[in-house]
Amino acid sequence: MEVAHMLKITKFGGSSVANAEQFKKIKNIIQQDPTRRYIVVSAPGKRFSADNKITDLLYLLDAHRKYHVDASSVFKLIKNRFIEIKNELGLKQPIEKELDAFYTNLNQMSQAVIVSRGEYFCAKLMAEYLGYAFVDAKDIIRFKLDKSIDWDATSAKLQAKYAQYDHFVFPGFYGTSANGHIQVFPRGGGDITGAILAKCLHADVYENWTDVSGFLMADPTIVQNPKGITHITYSELRELSYMGASVLHEEAIFPVKEANIPIHILNTNRPQDAGTIIQEHSKIKSGYPITGIAGKKDFMSIYIYKKHMSNEVGFIRKALSILEKYHISIEHIPSGIDSFNIVVEKKEIEESLYEILAHFKEELKPDKLTVQDDLALISTVGKNMSDKPGTSGKLFGALGKNNINIVMIAQGSDEINITVGVKKKDFTKTVQVIYDTFVGGNEE
Ligand code: ASP
């Protein structure tokens, strides 16, 4: 694809548009790359950790209105944030008037209209500041009666705007229902809007600018200065996020995932950082045998042993159906010939544990039933592992050398992850040893 024809959807999250300073950074980012022509913005987020997100204030405004409590002070906070941005950037937009009219008409508005105004006003200011057209999401993003996205209508409307404008700014988070009312996505839904634009306009890349430089190979509170993940597949991402790494919302990425459009996570405050590219089918191979490590601490393992269990049909099913009755979801079931473990998250089972064990005793009549409640699980994830023999051997060897006792092992059938269970006290050390073994200079 020629660069000149490259199409990017460039989305900025709440902290990236939090104040005039951030707007300036965005202008720089846009000017660095002439292919950043279609911009999606969230509502202004927090400027510092104790600050308010505009969207939270709008929900609060709606609650005040609903319970007939004076909302003027909340409104003032919202208005001031926008006016401050406008004044500091010297913009001309008669936004005060529009904000005041919004407040005057508050009682005629639905919650969706109210909470969507954060992105609406932000996009209007951003459009003027960048000298781009403002395109209102209410005229473009369409929902069906079942509240799902009306892809045909949305796509057609987007194509038309794309043909009309070389550059535009688009508010995230909302669209119009089948009945013609404003409808919002779930919280954080600005990412969904960006993904919809990327899919409908067949973008080459969906840039998602935020306040971190993408994903790291390990938790920085455990590993000192972990390397960034430059490329990751959706399946790897799913494994890591399941084990606690915080990542994009599944719903936010499905439109681009389906279309195999890469998502590039970038940092508005450090635009020089490489960030992370997420793409399912990519030719680029990372140099490391693993992609990332993630883990969680509080698991419990129930060990069940019964002589000649292997000859008994339906034994494991009986155990699982007892857990099902208590709505407990199971993480892993490593099994031997006459025994198996059921690994669950501690918080899921804590309250009902003794009742469940009593059921196990009564219905399964095991010869041995024990509980280990200080288990941590650590997943080592990487698509490169699947075609590299010896990865698990190397991992187990390294843990052994460091005197870490492995209590449980599970490997997904697609071979992109190896999960080990260790005692909670060994959690930090395990993550560090795995990182050092595969990334920290010891790799082959
Ligand atoms: N402003 C909305 C929220 O705070 C949507 C978004 O930021 O993506 O949830």
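Residues numbered from 1 in each chain as written. Predicted model: local features only at pLDDT ≥ 70, side-chain atom pairs only at ≥ 80, totals over all residues. Heavy atoms only, no water.

## Describing the site of the ligand
The environment of the ligand is made up of Ser-42, Ala-43, Thr-55, Glu-119, Phe-173, Arg-187, Gly-188, Gly-189 and Gly-190. Taking Thr-55, its side chain carries an N or O atom lying 2.7 Å from a nitrogen atom of the ligand. Within the complex, the protein chains bury 90% of what would otherwise be the 260 Å² of accessible surface of the ligand. The residue inventory of the shell around the ligand, partitioned by class, reads two nonpolar, five polar and two charged. (Near = heavy atom within 4 Å. Polar contact = N/O pair within 3.5 Å; in protein donor to acceptor, adjacent residues only side chain to side chain. Areas by Shrake-Rupley, 256 points an atom, 1.4 Å probe, with all protein chains shown as cover. Nonpolar A, V, L, I, M, F, W, Y, C, P; charged D, E, K, R; others polar.)

## Remarks on the UniProt feature "binding site: substrate" (unreviewed entry) in the protein chain
The UniProt record marks Thr-55 and Glu-119 with the feature "binding site: substrate" (unreviewed entry), using the residue numbering of this structure. The greatest C-alpha distance among the residues just named is 8.4 Å, despite their covering 65 residues of sequence, which places them together in space. Of note, Thr-55 is situated in helix H2 (residues 54–66). Using a relative accessible area of 9% as the deciding quantity, one classes Thr-55 as buried. With sequence-adjacent residues up to four places away left out, Thr-55 is seen in contact with Ala-43, Val-115, Glu-119, Phe-173 and Arg-187. Of note, Glu-119 is situated in helix H5 (residues 111–130). Those residues in contact with Glu-119, other than ones at most four positions away along the chain, are Val-41, Ser-42, Ala-43, Thr-55, Pro-171, Gly-172, Phe-173 and Tyr-174. Polar contacts involving the side chain of Glu-119 include one to the main-chain amide nitrogen of Ala-43, which spans 3.0 Å. (UniProt positions renumbered as here; feature names shortened; annotations may be inferred. Helix = DSSP H or I, 4+ residues; strand = E, 2+ residues; numbered from the N terminus. Buried < 20%, exposed > 50% of the residue type's maximum accessible area, 1.4 Å probe, protein only. Contact = heavy atoms within 4.5 Å.)

## Observations concerning the sheet that holds strand S2 (residues 38–41)
Spatially, S3-S4-S2-S1-S7-S9-S10-S8 is the arrangement adopted by the eight strands of the open sheet, whose pairing is mixed. The sheet is open, and its two edges are formed by strand S3 (133–134) and strand S8 (231–232), each paired on a single side. With two bridges joining them, S8 and strand S10 (residues 276–278) adopt parallel strand pairing. Considered in S10, the bridge of His-231 is made with Ile-277. (Pairing = 2+ DSSP bridges.)

## Some points on the pairing of strand S1 (residues 8–12)
Burial of S1 is extensive: five of the five residues sit out of reach of the surface. Alternating positions in S1 separate into two faces, Lys-8, Thr-10 and Phe-12 on one and Ile-9 and Lys-11 on the other, with burial throughout. Looking at chain direction, S1 and strand S7 (residues 205–210) are connected through five bridges and run parallel. In the strand pairing of S7, Lys-8 is matched with Val-205.

## Concerning empty space enclosed by the protein
This structure, assessed with the given rule, holds two cavities of 30 Å³ or more. Looking at the largest cavity, its volume works out to about 40 Å³. The wall of the largest cavity is formed by His-231, Ile-232, Thr-233, Glu-236, Ile-277, Gln-279, Ser-282, Ile-284 and Lys-383. Of the residues belonging to the lining of the largest cavity, the class tally is three nonpolar, four polar and two charged. (1 Å grid on protein atoms, 1.4 Å probe; cavity = no way out; pocket = protein on both sides within 12 Å on 5 of 7 lines; lining within 4 Å. Points joined across faces, edges and corners; volume = space filled by probe spheres on them.)

## Some points on the packing of helix H3 (residues 72–89) against helix H4 (residues 95–104)
Packing of H3 against H4 brings their axes to within 10 Å, and their N-to-C directions diverge by 160°. Classified by the interaxial angle, the pair formed by H3 and H4 is roughly antiparallel. In this structure, H3 meets H4 at a crossing whose hand is right-handed. The segment H3 lies against H4, with Ser-72, Phe-75, Lys-79, Phe-82, Ile-83 and Lys-86 engaging Ile-95, Glu-96, Leu-99, Asp-100, Phe-102 and Tyr-103. Residue composition of the contact of H3 with H4, by class: seven nonpolar, one polar and four charged. (Axes fitted to C-alpha atoms, helices over the stretch in contact; angles between N-to-C directions. Parallel < 35°, antiparallel > 145°, perpendicular 65-115°, else oblique. Left-handed = near helix turned anticlockwise from the far one by under 90°.)

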